[in-house]
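# Structural overview
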Amino acid sequence: MTTLIKNGTLVSATGRHAAEVLVDGTTIAAVLQPGSTLAVSAESGAERVIDATGKYVVPGGIDCHTHMELPFGGTFASDTFEIGTRAAAWGGTTTIVDFAVQKTGENVRDSLEAWHAKAEGQCAIDYAFHMIMGGVDEAALKEMDSLVAEGITSFKLFMAYPGVFYSDDGQILRAMQKAANNGALISMHAENGIAIDVLAEQAAARGQTDPVYHGITRPSRLEGEATNRAIQLALVAGAPVYFVHLSSSEALERVAEARNDGHNVFAETCPQYLYLNLEDHLGAPGFAGAGYVCSPPLRTREHTHHRDLWKGLRTNDLAVVATDHCPFCMKDQKELGRDDFRAIPNGIGGVEHRMDLIYQGVVMGELTLERWVETCSTTPARMFGMYPQKGVIAPGSDADIVLYDPDATTEISVDTHHMSMDYSAYEGITIDGRVDTVMSKGRILISDDAYHGEKGHGVYLRRGLSTYLQ
Ligand code: URP
Ligand code: ZN
Ligand code: ZN
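Residues numbered from 1 in each chain as written. Chains lettered and ligands numbered in written order. Predicted model: local features only at pLDDT ≥ 70, side-chain atom pairs only at ≥ 80, totals over all residues. Heavy atoms only, no water.

### Brief notes about the sheet that holds strand S9 (residues 93-102)
If you trace the 8 strands from one edge of the open sheet to the other, you get S6-S9-S10-S11-S12-S13-S14-S15, paired in parallel fashion. Edge positions in the open sheet fall to strand S6 (61-66) and strand S15 (320-321), since each of these has one partner strand only. As judged from the 2 bridges shared by strand S14 (residues 265-269) and S15, these two strands associate in the parallel manner. Bridge pairing links Thr269 to Val321 in S15. (Pairing = 2+ DSSP bridges. Helix = DSSP H or I, 4+ residues; strand = E, 2+ residues; numbered from the N terminus.)

### A word on the packing of helix H14 (residues 354-363) against helix H15 (residues 369-383)
Each pair of packed helices gets described by two things: the angle between the helix axes and the distance between those axes. The contact between H14 and H15 brings their axes to 9 Å, and the two run at 150 degrees. Between H14 and H15, the angle is such that the two are roughly antiparallel. Here H14 runs over H15; the crossing is right-handed. Residues Arg354, Met355, Ile358, Tyr359 and Val362 of H14 lie in contact with H15, whose contacting residues are Leu369, Trp372, Thr375 and Cys376. Residue classes in the contact of H14 with H15 are distributed as 7 nonpolar, 1 polar and 1 charged. (Axes fitted to C-alpha atoms, helices over the stretch in contact; angles between N-to-C directions. Parallel < 35°, antiparallel > 145°, perpendicular 65-115°, else oblique. Left-handed = near helix turned anticlockwise from the far one by under 90°. Contact = heavy atoms within 4.5 Å. Nonpolar A, V, L, I, M, F, W, Y, C, P; charged D, E, K, R; others polar.)

### Points about the pairing of strand S11 (residues 154-158)
With 5 of its 5 residues buried, S11 lies for the most part within the structure. Residues Ser154, Lys156 and Phe158 point to one face of S11 and Phe155 and Leu157 to the other, with burial holding for every one of them. Where strand S10 (residues 126-133) and S11 come together, 2 bridges link them in parallel fashion. Paired with Ile132 across the bridge in S11 is Lys156. Since S10 and S11 lie parallel, the crossover through helix H4 (residues 138-149) that links them has a hand, and here it is right-handed. In this fold, the crossover linking S11 to strand S12 (residues 185-189) by way of helix H5 (residues 169-182) has right-handed handedness. (Buried < 20%, exposed > 50% of the residue type's maximum accessible area, 1.4 Å probe, protein only. Right-handed = clockwise from strand over helix to strand, strands pointing away.)

### Concerning the coordination of the zinc ion (ligand 3)
Note on the zinc ion (ligand 3): its protein donors are His65 (NE2), His67 (NE2) and Asp324 (OD). The metal-donor distances range over 1.9 to 2.1 Å. Here the zinc ion (ligand 3) is ringed by 4 donor atoms whose angles at the metal span 87 to 139 degrees, and the overall shape comes out irregular. Between consecutive donors of the zinc ion (ligand 3), the numbers of intervening residues give the motif H-x1-H-x256-D. Distance-wise, the zinc ion (ligand 2) is placed 3.9 Å from the zinc ion (ligand 3). (Donors = N, O, S within 2.8 Å, 3.2 Å for Na, K, Ca; no water. Tetrahedral: all angles 85-135°; square planar, octahedral: opposite > 155°, others 65-115°.)

### Some words on the domain arrangement of the chain
What the domain assignment reports for the chain is domain 1 (2-58 + 397-415 + 430-451) and domain 2 (62-383). Taken over C-alpha atoms, the centre of domain 1 sits 31 Å from the centre of domain 2. Domain 1 puts 30 residues into the contact, and the matching count from domain 2 is 22 residues. Buried surface at the junction of domain 1 and domain 2, both sides included, amounts to about 2,200 Å², of which 66% is carbon and sulfur. Here domain 1 and domain 2 share 2 salt bridges between them. A salt bridge links Arg16 to Glu370; the nearest nitrogen and oxygen atoms lie 2.7 Å apart. Across the domain 1-domain 2 interface, the total number found is 4 residue pairs in polar contact (both at pLDDT 80 or more). (Domains from an automatic or database assignment. Buried area = accessible area lost by both parts, 1.4 Å probe. Salt bridge = Lys/Arg side-chain N within 4 Å of Asp/Glu carboxyl O. Polar contact = N/O pair within 3.5 Å; in protein donor to acceptor, adjacent residues only side chain to side chain.)

### Re the environment of Met1
On the secondary structure map, Met1 appears in the segment before strand S1 (2-11). Sequence separation of Met1 and Thr437 is 436 residues, and the distance between their C-alpha atoms is 17 Å. Beyond its immediate stretch of four places on either side in the chain, Met1 contacts Val23, Asp24, Gly25, Glu47 and Arg48.

### Re unusual backbone geometry
Backbone torsion omega between Ser295 and Pro296 reads -5 degrees, so that peptide bond is classified as cis. The amide bond that connects Tyr387 to the next residue, Pro388, takes the cis arrangement and shows omega of 5 degrees. In this fold, Pro388 is placed in the loop between H15 and strand S16 (401-405). The phi dihedral of Arg307 is positive, around 60 degrees, even though this residue is not glycine.

### Overview of the pattern of salt bridges
Tallying each qualifying case throughout the model produces 30 salt bridges. For Arg109, the salt bridge identified is with Glu143, shortest N-O distance 3.1 Å. Separated by 34 residues along the polypeptide, Arg109 in helix H3 (residues 108-119) and Glu143 in helix H4 bring together distant segments of the chain. Taking the relative accessible area as the measure of exposure, Arg109 reaches 22% and is therefore partly exposed. Between Asp317 and Arg259 there is a salt bridge, with the nearest N and O atoms lying 3.2 Å from each other. Taken together, the residues span a long stretch of sequence, with Asp317 in the loop between helix H13 (308-315) and S15 and Arg259 in helix H9 (residues 249-260) at a distance of 58 residues. Classification of Asp317 by relative accessible area gives buried; the value is 14%.

Now the structure itself:
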């Protein structure tokens, strides 16, 4: 089918202009000047014409950090690939990169196959995988080469969660040396988990078991320290490093210093660190704070007030916004830690709200429209080897397109979201904009406030190497 999207303002990472977009089948056939002979003839031949008057026409969002069905603390993240990718589509995200999980003691290959089995045939939008390496040994290091050839070109290591996902400095160095060799990108969860476990045990022994102690026992200094250590290890190995879910000014300073010195050090942040804080959310009365337990934790109100992370997004020291979507319900899941914050499963769901929450940054004057597109779509595509198939509206690219309405509003609420969560971390936040229409590979998934997609439409993407490193 051919579709012409007309009368809209096309926004890319580099600019905005009036343009018409011709879609043929699953890909973009042409970007045309309105009123040109080509545009007039495209309209007369198009089987479907979409009027985007007053709307921004942007490349579909790419959320490069999700955890569908992640096993954590004796339970599983509550979104399946089916539910989570449908919710993503509602929010204008047309690609996710999820984390396949190798836990300490498990085999990488078996773990990956299990992840493929969970996702295949279930997704509303295209999906790819990073590999979590929870046990860097000789076999796992060898497997990294074959995984790169299969399109898994990034590997997450954890300096946190001893006994579950944790890698020591020697394991990190070995994996980085391998990445330096095969072109992969090491993603790092940078928190000093050994020190955190001591602080958490001491707090619990004092009877400090409320959710807020999850944050108090994970000080931002220990994210800064781990970030610096990972950068030094990367420099020794001659490898690039990408910091996931960066939450603190201390960590951002370390990243900025390394980048100023010319090193291939990259970072992402997440909406929860831009909008939520330790006192008001993690420290909410009763057990409500459990809904805000994630790692790294929400930082203090003062920390958030400095708006350092927004600044980092402007300066590109933070290159990407991802969600770290890892939803759990309060009932039966977060409740596992009612008597001890250490047993609360870590994670916040938000795959549906990222495009809206970062668009609100444009409304607030924190980012330009172009930077919104760049941090939420174009850079994730380039960082993780999906560009130009994804992340751009250009001839030959997949027709993953969002029409965004700056004159409508979105009220975030558990009553209206599409994620499998019995609360919303962003309850009551109003966005001065709204996802209007979502197209994935030429197919309309969202229009007129209704979902028209189906599971299995989304397929597995074999990724290439990061274009930031070639
Ligand atoms: O709290 C979080 N972030 N849960 C998901 C696992 C991770 O560390 O990304
Ligand atoms: Zn992490
Ligand atoms: Zn994560």
